[in-house]
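These are the residues of each chain, in order.
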Amino acid sequence: MIADSPSPNAMPTAPRQAVQRIYAEHHAWLYGWLRRKLGDAHDAADLAQDTFERLLRSRDTAPILEPRAYLTTIAQRLVIGRARRTALEQAYAEALALMPAQHAPSPEQHLQVLQTLEALLDMLDGLPLKCRNVFILAQVQGMSYTDIGAQLGMTRNAVQKSLARALAHCYVVLYG
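What this report covers is the structure whose coordinates are included nearby. (Residues numbered from 1 in each chain as written. Predicted model: local features only at pLDDT ≥ 70, side-chain atom pairs only at ≥ 80, totals over all residues. Heavy atoms only, no water.)

Another aspect to go through is the pattern of salt bridges. Under the definition given, this model contains four salt bridges. Between Arg57 and Glu53 there is a salt bridge, and its shortest N-O distance comes to 4.0 Å. Within this pair, Arg57 and its partner Glu53 are both found in helix H2 (residues 41-57), separated by four residues, close to a single helical turn. For Arg57, a relative accessible area of 51% corresponds to the exposed category. Note that Arg85 is salt-bridged to Glu118, the shortest N-O span being 3.5 Å. In this pair, Arg85 is assigned in helix H3 (residues 67-97) and Glu118 in helix H4 (residues 107-124), connecting sequence segments 33 residues apart. Among the residues examined, Arg85 registers a relative accessible area of 31% and is labelled partly exposed. You can call Glu118 partly exposed: its relative accessible area is 24%. (Salt bridge = Lys/Arg side-chain N within 4 Å of Asp/Glu carboxyl O. Helix = DSSP H or I, 4+ residues; strand = E, 2+ residues; numbered from the N terminus. Buried < 20%, exposed > 50% of the residue type's maximum accessible area, 1.4 Å probe, protein only.)

Our next topic: the packing of H3 against H4. Across the interface, H3 lies against H4 with an axial gap of 11 Å and an inter-helix angle of 135 degrees. One finds that H3 runs oblique with respect to H4. Here H3 and H4 pass one another in a crossing that is right-handed. Here Arg84, Arg85, Leu88, Glu89, Tyr92 and Leu96 of H3 lie close against H4, whose contacting residues are His110, Val113, Leu114, Leu117, Glu118, Leu121 and Asp122. (Axes fitted to C-alpha atoms, helices over the stretch in contact; angles between N-to-C directions. Parallel < 35°, antiparallel > 145°, perpendicular 65-115°, else oblique. Left-handed = near helix turned anticlockwise from the far one by under 90°. Contact = heavy atoms within 4.5 Å.)

Moving on, we get to the environment of Tyr31. With respect to the element layout, Tyr31 can be found in helix H1 (residues 13-38). The spacing of Tyr31 and Gln49 is 18 residues in sequence and 8.8 Å in space, taken between C-alpha atoms. If sequence neighbours within four positions are ignored, Tyr31 has contacts with Ala41, Ala44, Ala45 and Ala48.

With that settled, consider the packing of helix H5 (residues 129-140) against helix H6 (residues 145-152). With their axes 10 Å apart at the nearest point, H5 and H6 run at an angle of 140 degrees to one another. Taken together, the axes of H5 and H6 lie oblique to each other. Judged by the twist between their axes, the crossing of H5 over H6 is right-handed. Of the residues in H6, those in contact with Lys130, Asn133, Val134, Leu137 and Ala138 of H5 are Ile148, Gln151 and Leu152. Of the residues that constitute the contact of H5 with H6, the class distribution is five nonpolar, two polar and one charged. (Nonpolar A, V, L, I, M, F, W, Y, C, P; charged D, E, K, R; others polar.)

Here it is, written out as C-alpha cells:
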C-alpha cells in the first residue's frame, strides 16, 4: 500500500507510519462496513482503498484520536461523491438522449463536460442547499433573480445575497 522509496512530495515518516498502523488495524473493519453499506464487495474494496489514499495524501499531521470515526467520515464522503457522480452521469446521458444525433458531443467533449460538472459540484459542496440552487439557477440556467426567487420562495434581495455568498465561496475554493 505504501511505497518505501521516498519521493519529493512524500509524507513525513511519523504520519506515514501512523497511516500504515491505521491501515493495518482498521482496513478489514472499514471494508466490512463499506460492504454492508454498499452491498458490493468490489465497490467496497475500491472505496476502502480510496479512503486510505485520501488519508495518506492528507496534509494534516495531527494525530488521529478516533481512527474509525475519521475513516467513516472520509468513506461516507466518498460514497456520497460516487452517488453524486452516478446521478450526474445519468442526468447527462438522459439530456444527450433528447439531443439530435448530429449535435451529440464527441466522446472527448462528453468526458470534458462530465469532469467540468463534477468539479463545479465539488466546488459548491460546502454551501447550503439554497445557495447552491441559487448559483445553479443563475449561473448555469441563466435565470433572473426574480424568477429564481419565485421558484425557490425567496425575495430578490435574498437571492442576490445567496448568489454573492456562493460566488465568494467559489472564489475561496479556487484561489484561497
